[in-house]
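Coordinate inspection notes
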Amino acid sequence: MTLTRGYILVLDPERLHSEDTHPLETTLQYPVFVASSTEQAVNRVSQGAPCLVILVGNNFQAWSQPLVKQLRQYSHSPDMTIVALTDSTSPQWNYSEDTPGVDGLLVQPLSMDILRSLVESAFARSICH
């Protein structure tokens, strides 16, 4: 499957000072934009909606609620899928309803089949609404 419109936005604040390619950029065969700050992510979404947003981090609840609300306010982005990605060792892996607007939680390590299915579902959701 090829994405003809849309892209995947990965927000990973821990990659702030890394010059290396993000692991999700090399794993996914889709257009990926990696943001290292919430400001970068919001600016990118304001230019065009992604079909999928992946919030990376073990403390996503601390920063994702305001961000998710801000991302969802753009008129061209209500159908994007937003998921949080955390490590299996994180105490926050037991996702609760405390994070409204987030469509789900993924726990690393991810299999390629799950990741591919997620991307294809997000893309379908973005074009079918």
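The following refers to the structure shown.

Cut-offs applied
Residues numbered from 1 in each chain as written. Predicted model: local features only at pLDDT ≥ 70, side-chain atom pairs only at ≥ 80, totals over all residues. Heavy atoms only, no water. Buried < 20%, exposed > 50% of the residue type's maximum accessible area, 1.4 Å probe, protein only. Helix = DSSP H or I, 4+ residues; strand = E, 2+ residues; numbered from the N terminus. Polar contact = N/O pair within 3.5 Å; in protein donor to acceptor, adjacent residues only side chain to side chain. Phe/Tyr/Trp six-rings, centres within 6.5 Å; stacked < 30°, edge-to-face > 60°. Lys NZ or Arg CZ within 6 Å of the ring centre and 35° of its normal. Arc of directions from axis to C-beta. Core = buried A, V, L, I, M, F, W, Y, C linked by side-chain atoms within 4.5 Å. Salt bridge = Lys/Arg side-chain N within 4 Å of Asp/Glu carboxyl O. Pairing = 2+ DSSP bridges. Axes fitted to C-alpha atoms, helices over the stretch in contact; angles between N-to-C directions.

1. Focus: the pairing of strand β3 (residues 52–56)
For a regular strand, side-chain orientation follows a simple rule: the groups alternate between the two sheet faces. Within β3, five of the five residues are buried, which leaves the element mostly enclosed by the surrounding structure. Burial of the side chains of β3 extends over both faces: L52, I54 and V56 are buried on one face and V53 and L55 on the other.

2. Some thoughts on the environment of S111
Along the polypeptide, S111 turns up in the loop between β5 (104–108) and α4 (112–128). A residue is classified by how much of its surface remains accessible, and S111, at 33% relative accessible area, is partly exposed. A polar side-chain atom of S111 sits 3.2 Å from the main-chain amide nitrogen of I114.

3. Description of the packing of aromatic side chains
Scanning the entire structure with this criterion turns up zero aromatic pairs. Sitting over the face of the ring of Y7, R44 holds its NZ or CZ atom 4.4 Å from the ring centroid. Positioned above the aromatic ring of F33 is the side chain of R44, whose terminal nitrogen or guanidinium carbon lies 5.0 Å from the ring centre.

4. What to know about helix α2 (residues 38–47)
Every buried residue of α2 is listed here: A41, V42 and V45. Buried residues along α2 cover an arc of 95 degrees about the axis, so they all sit on one side. The outward face of α2, more than 90 degrees from its buried face, is lined by the exposed residues E39 and Q47.

5. A short note on the nonpolar core
Counting 17 residues, the largest nonpolar core has L9, V53, L55, L71 and I82 as its most contacted members. Mapped onto this core, the elements with two or more residues apiece are β1 (8–11), α2, β3, α3 (60–72) and β4 (81–87). V32, V56, L85 and V119 belong to the second largest nonpolar core, which has 15 residues in total.

6. Topic: the pattern of salt bridges
Summed over the entire model, instances satisfying the criterion amount to three salt bridges. The residue R72 makes a salt bridge to D103 at a minimum N-O spacing of 2.9 Å. In this pair, R72 sits in helix α3 while D103 sits in the loop between β4 and β5, placing the two residues 31 residues apart along the sequence. Given the relative accessible area of 37%, D103 is considered partly exposed.

7. A short note on the pairing of β4
Of all seven residues making up β4, six are buried, and the element is well covered by its neighbours. Pairing analysis gives five bridges linking β4 to β5, with the strands arranged parallel. Across the sheet, residue T86 finds its bridge partner in β5, namely V107.

8. Structural notes on the sheet that holds β5
Taken together, the five strands give an open sheet; going across it, the order is β2-β1-β3-β4-β5, and neighbouring strands pair in parallel fashion. Each edge of the sheet is formed by a strand with only one pairing partner; in this case those strands are β2 (32–35) and β5. Ignoring which end each strand starts from, the neighbouring axes of this sheet average 25 degrees apart. As defined by bridge partners, β1 adjoins β2 across four bridges and the pair is classed as parallel. Within the sheet, the bridge partner assigned to L11 lies in β2 and is A35.

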